[in-house]
Every structure is written in C-alpha cells, then in structure tokens.
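Notes for the structure review
The chain contents come next:
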Amino acid sequence: MKSNIKLFLIAIGAAFVGGLSAVKFSQHTDSKNSIARAQSTPVQYVNNMPAAGEMDFTVAAEHTVPGVVHVKTIYGENQNVNYFNPFEDLFFGNPNRGMQREMAATGSGVIISDDGYIVTNNHVVANGEKIEITLNNNEKFEAKVIGTDPSTDLALVKIESKGLPYIPYGNSDDVKIGQWVLAVGNPMELNSTVTAGIVSAKARNINIIQGGTAPIESFIQTDAAVNPGNSGGALVNTRGELIGINTAIASNTGSYSGYSFAVPVNIVRKVVNDFMEFGNVQRAFLGIVSKELDADLAKEKNLDEVKGVYIQGTSEDGGAAEAGLKPGDVVLKIDGREINSTAALLETVGSHRPGDRVKVSYLRNGDLKESIVTLKNKMGTTTVVKNETFELLGAKFSPVEQGELKRLGVSSGVKISALSAGKLRSSGLKEGFIITGIDRQPISGTSDVQAILKEKKGGVLIEGIYPNGLRAWYGVGLDD
C-alpha cells in the first residue's frame, strides 16, 4: 500500500513538472493572431510544372536537401540568465538560479554557388556578431556577411569552401497557382526537413517587412508546412530549382497554421547580383504614387474594368513623369506582365536596376497607351548608390531620400543602413537612424562623417532622428 502511495505521489510530481514546463514553453510562443516570421532557408533554372498526376518528389528532394544549410546567428558572449526547477524549488525554496547561456538564433540558408555563397533572410542574420553555417554533412564554417537588405528581408553570406552542392535558380515569373512546390529547411532544429504543398497565391502583401525604404512585399503564398527555423530556406519546384526563399508564416500560435510565404527568386537573384557587384542593393523606382483599383474607385473614375493600378501622383524627377505618365492614368502592364496590385508593381520594378528601361502599358481616358520609362534610384538619378563602411564604428551608411528628409523636418543627414559589432551599436544606435550632426556640425553625407571623425579624439556627441520621428542624442567614445 505504501509503495502504491509513493508511486502515486511521484506521478503527481511528474505531472506538476510537465504542466509547469508547458506553461513556461507557451510564454515563448507567439500567441498573437498575426503574421509571424518563419526562420527558414533559400537556393538556379527549369520548367516547373509536373506531369498530370505526378506525385513523386524524390528527385527534387535529393537534389535540394544538400544545398540547404543550418544558420546559427550569435548575438553576443554568454550571458547570465535565470531559470527555475520545479522539483528543487518545491523542496529547497530557491526559485532563481543563474546560468551562462549563449544568446543565439537559428534559421536556414541556401547555397547558390559551389564556392560558398549562401542566401538567407535578413532577419536571420541581422545584427549578429558571429554566423555559423552547418552543412548537410555536418561540416561547420564561420560565415562572412556580404550584404543585407531589410527592404526585401534578404541577406547574402559566404563561407570559404569549394565544390559545394548548390541549388540552381528557377524563374518565379513562371510559377503558377496550383503547382506543386517543396519547402526545404531546418524547422524546430530538425535538420534537412522537406515538406510539400501547392502555390496558393502570388504577389501577396502581408505587411510584415518593417525595415528599409519602401519594402517590397510580393510573396509567393503556399500551403507547404513551414515553421520557426525554416526562415531563409528554399522553396523549390518539382525539378529542384529555387523559386523562392521561405520567409514568413500566417499563424496565431507562432507555428504553421496553413499558409507560408516566400520571396520570389527573381527578386532574390537581382539582390544577390547587386551584392556581388556593388556591395549593396541598387533599388529602382518607377516614380509614381499608386493605389490599387477596386469597384468603388473604378466607378468614381469612370473606368470600365477593375483592372490595373491607379496613379495618384508622380515624382517630379521620376522616370514615369519624364515618360509622360500622369495622375489618373491606370498602369496595366510592365514589360508585358499584368499589373493588378501594388505588390506586383513593386516586384516587377524591384527586379530591375536604376537606368533600366521598361515598357509601361496604361489607360488614359479609356485609350490604351505605351511609354518607355527609364527607372531611377531614390535620389532621382541613374547613378550607382554605394554604402560606405567605417570599420572603426562598425556601420554602413547610405544617402537619405529627399522625401524622407522633408517628412521628418530635417535638411540633411546620412542614414545608418547596417550595423555590426562596433562603437555605434555598443553606444545604443540602431539601424535606420539618420545622423544629422556630430558635435553640432551638420552632416550632409558620408564624407562629412568621415572627415569629422578623423579630427576627433576621446568622444563625440551624435545627434539625429529615427524614421518614426524620434529624435535622439548619443555619446560615442572613439578611444579604444
């Protein structure tokens, strides 16, 4: 009888521990009914439609699994964190115990060349001090960040290795709604996981990308199961070609609930090429303020069809105005691709560089017209815009668009486009901060920052403003 009572008490204790563990776990689960990031992975060219009735994905899986890697981003040295043990706390009454724990996050990545270039999500590697890559064969490498782009949530890193298996680019313009696709990544620390689904929609905007200027959201939506850890992983067609980088999930729990979203590979390829050639993304703009057409707007503007994107305004120095487009026109196609949403417009234009010429088909007063538009950068020119890096400060700087300066009520400044380990980040500055002055000297460009800091010793006062209008001042020590 005593042994039975003892077993019963042990069972109650085990259930108690399990219950508390479950409660603790749930505190780290995204319980908001919103779009949640999926930590995923990406991957060059083919025709993606399987034959009718074909359901064998083994060839695609065999070709793509070796090209997907595990990404571990370390944010700092081991730090003290508190933990509790229900059994020990029950008997010894000491709920807080310190332990050393590494501050890190994990995701996935896609090898896109045999010499070690890997694509992943910006949110997987952003602000990391060290990035560790584990290949499918368990080899480990430390990676160097080549470039990050918050506007598309993409990043390019590189490891020093040769002869690596890689995934070839496909063509996301050829992707069809209803076609079969595979998601390959490392969800929930389960390496080399493959799931299957179909393309549910294209050019989907879910308002999840918060960084960068004018984010491009034109996701491929699928019902392939994607979970935390998949971010930066590969979305491939049945021939094993990369057609997207898995980036987000729609969930009210933080785990997969039916829909996942991937950055189209045509955007990925353009961003990667820019990183390799220029070190940063060369972003092109049409030079319009657009609004999606619905039945009410079509009726108000006396349009026969709810089709295209309505032009509300044009930039004075933009390519659209120079080509003759005007407010009230309705963009129907760009280079032959139908444009029925702002997301589709941003995706199409975003796959080009400033200086590229595109053919725009549009309606004006019921008449179909065409114009050749020369795309420009955010500064209203076609020249290459380069970031500049100061290794001492651990920052990349980029020019600030005039429209943003005007909106914030400042006359000049230079934006921090990326931060790594260094004096600026350790002083509290964040990406996106616009430096307007250093020691009360106005800043109009990166050359001003460099010139002023060369003459300074000890420390400086940096002042500026964030994109949300918050003004801030930081004291930054320059001496080691």
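What counts, and where the lines are drawn
- Residues numbered from 1 in each chain as written.
- Predicted model: local features only at pLDDT ≥ 70, side-chain atom pairs only at ≥ 80, totals over all residues.
- Heavy atoms only, no water.
- Helix = DSSP H or I, 4+ residues; strand = E, 2+ residues; numbered from the N terminus.
- Buried < 20%, exposed > 50% of the residue type's maximum accessible area, 1.4 Å probe, protein only.
- Areas by Shrake-Rupley, 256 points an atom, 1.4 Å probe, with all protein chains shown as cover.
- Phe/Tyr/Trp six-rings, centres within 6.5 Å; stacked < 30°, edge-to-face > 60°.
- Lys NZ or Arg CZ within 6 Å of the ring centre and 35° of its normal.
- Contact = heavy atoms within 4.5 Å.
- Polar contact = N/O pair within 3.5 Å; in protein donor to acceptor, adjacent residues only side chain to side chain.
- pLDDT = per-residue confidence, 0-100.
- Arc of directions from axis to C-beta.
- Expected span 1.5 Å × (residues − 1).
- Pairing = 2+ DSSP bridges.
- Core = buried A, V, L, I, M, F, W, Y, C linked by side-chain atoms within 4.5 Å.
- Salt bridge = Lys/Arg side-chain N within 4 Å of Asp/Glu carboxyl O.

**Observations regarding the overall build of the chain**
What the chain contains, in helices and strands, is 11 helices and 26 strands. A burial count over the chain gives 48% of its 480 residues as buried. Looking at the chain as shown, the accessible area adds up to about 23400 Å², and 50% of this sits on carbon and sulfur atoms.

**Describing the packing of aromatic side chains**
What describes a pair of aromatic rings is the distance from one ring centre to the other and the angle between the planes of the rings. Under the counting rule described, the total for this entry stands at 4 aromatic pairs. Plain terms: the ring middles of F57 and W180 are 5.4 Å apart, the flat faces sit at 50° to each other, and that makes the pair tilted. Placement of F57 in the loop between β1 (34-37) and α2 (58-64) and of W180 in strand β8 (residues 180-185) is noted, with a sequence separation of 123 residues between them. On the basis of relative accessibility, which here comes to 25%, the residue W180 falls in the partly exposed class. Within the aromatic cluster, the residues linked to one another by ring pairs are F433, Y466 and Y474. Positioned over the ring face of Y117 is K158, at 5.2 Å from the centre of the ring. Against the face of Y169 rests R269, its NZ or CZ located 5.7 Å from the ring centre.

**Regarding the environment of E292**
In this fold, E292 is placed in strand β14 (residues 288-292). Considering only alpha carbons, one finds E292 and A343, 51 residues apart in sequence, at a separation of 9.4 Å. When sequence neighbours within four positions are dropped, the list of residues in contact with E292 reads L297, S341, T342 and A343. Of the polar contacts made by the side chain of E292, one reaches the backbone nitrogen of T342; its length is 3.1 Å.

**Brief notes about unusual backbone geometry**
The backbone of N207 shows a phi angle near 55°, a positive value even though the residue is not glycine. Locating N207 in the fold gives a position in the loop between β9 (193-204) and β10 (219-222). Located in the positive-phi region is D335, a residue other than glycine, with phi close to 50°. Taking the relative accessible area as the measure of exposure, D335 reaches 40% and is therefore partly exposed.

**A closer look at the confidence of the model for the chain**
Per-residue confidence for the chain gives a mean pLDDT of 80; residues scoring 70 or more make up 79%. Counting contacts from residues 1-53, a segment whose pLDDT is below 50, to residues more than four positions away or on other chains yields 147 contacts. Ignoring residues within four places in sequence, the model shows residues 79-95, a span with pLDDT below 50, making 34 contacts including any to other chains.

**Considering helix α11 (residues 446-454)**
Regarding α11, the residues found buried are T446, V449, I452 and L453. For α11, the angular spread of buried residues about the axis comes to 135°, placing them on one side.

**Looking at helix α5 (residues 265-278)**
Here α5 spans 19 Å end to end across 14 residues, near enough to the 20 Å set by a 1.5 Å rise per residue. Buried residues dominate α5, accounting for 10 of its 14 residues. Among all positions of α5, only V265, N266, I267, V268, R269, K270, V271, V272, D274 and F275 are buried. Buried residues along α5 sit in contact with β4 (117-121), β6 (140-149), β7 (154-158), β12 (242-251), β13 (259-264) and α8 (342-350). The first or second residue beyond α5 is G279, which carries a positive phi of 90°.

**Let's talk about the pairing of β9**
Two strands pair when backbone bridges link them, and β8 and β9 are joined in this way by 6 bridges, in the antiparallel orientation. Across the sheet, the residue bridging to V184 is V194, located in β9. Sheet topology note: the β9/β10 ladder contains 3 bridges and is antiparallel. When the bridges of β10 are listed, A201 appears paired with Q221.

**Focus on the nonpolar core**
Judged by nonpolar contacts, the single largest core of 34 residues is most densely connected at I112, V119, L154, A234, L242 and V268. Elements with a minimum of two residues in this core: β4, β7, β8, β11 (234-236), β12, β13 and α5. Ranked by the residues each element gives to this core, the list is headed by α5, at 6 residues. Ignoring any residue separated from it by four or fewer positions in sequence, one finds V268 in contact with V119, L154, Y169, I245 and V263. F397, L419, Y474 and L478 belong to the second largest nonpolar core, which has 22 residues in total.

**Things to note about the side chain of N186**
Position of N186 relative to the elements: it lies in the loop between β8 and β9. A polar contact is formed between the side chain of N186 and the backbone oxygen of V69, at a distance of 2.9 Å.

**Digging into the environment of H123**
Structurally, the position occupied by H123 is in helix α4 (residues 122-125). Accessibility expressed as a relative area gives 18% for H123, which makes it buried. For the pair H123 and G232, spaced 109 residues apart in the sequence, the C-alpha separation amounts to 8.8 Å. A polar contact of 3.0 Å, which involves the side chain of H123, links it to the side chain of S231.

**Description of the pattern of salt bridges**
Counted by the stated rule, this structure contains 13 salt bridges. With a closest N to O distance of 3.8 Å, D173 and R337 form a salt bridge. Of the two residues, D173 sits in the loop between β7 and β8 while R337 sits in strand β17 (residues 337-338), which places them 164 residues apart along the sequence. On the basis of relative accessibility, which here comes to 40%, the residue D173 falls in the partly exposed class. A salt bridge links K301 to E300; the shortest N-O distance between them is 3.6 Å. Taking the relative accessible area as the measure of exposure, K301 reaches 33% and is therefore partly exposed. One continuous salt-bridge network, built from bridges that share partners, spans K270, D274, E277 and R353.

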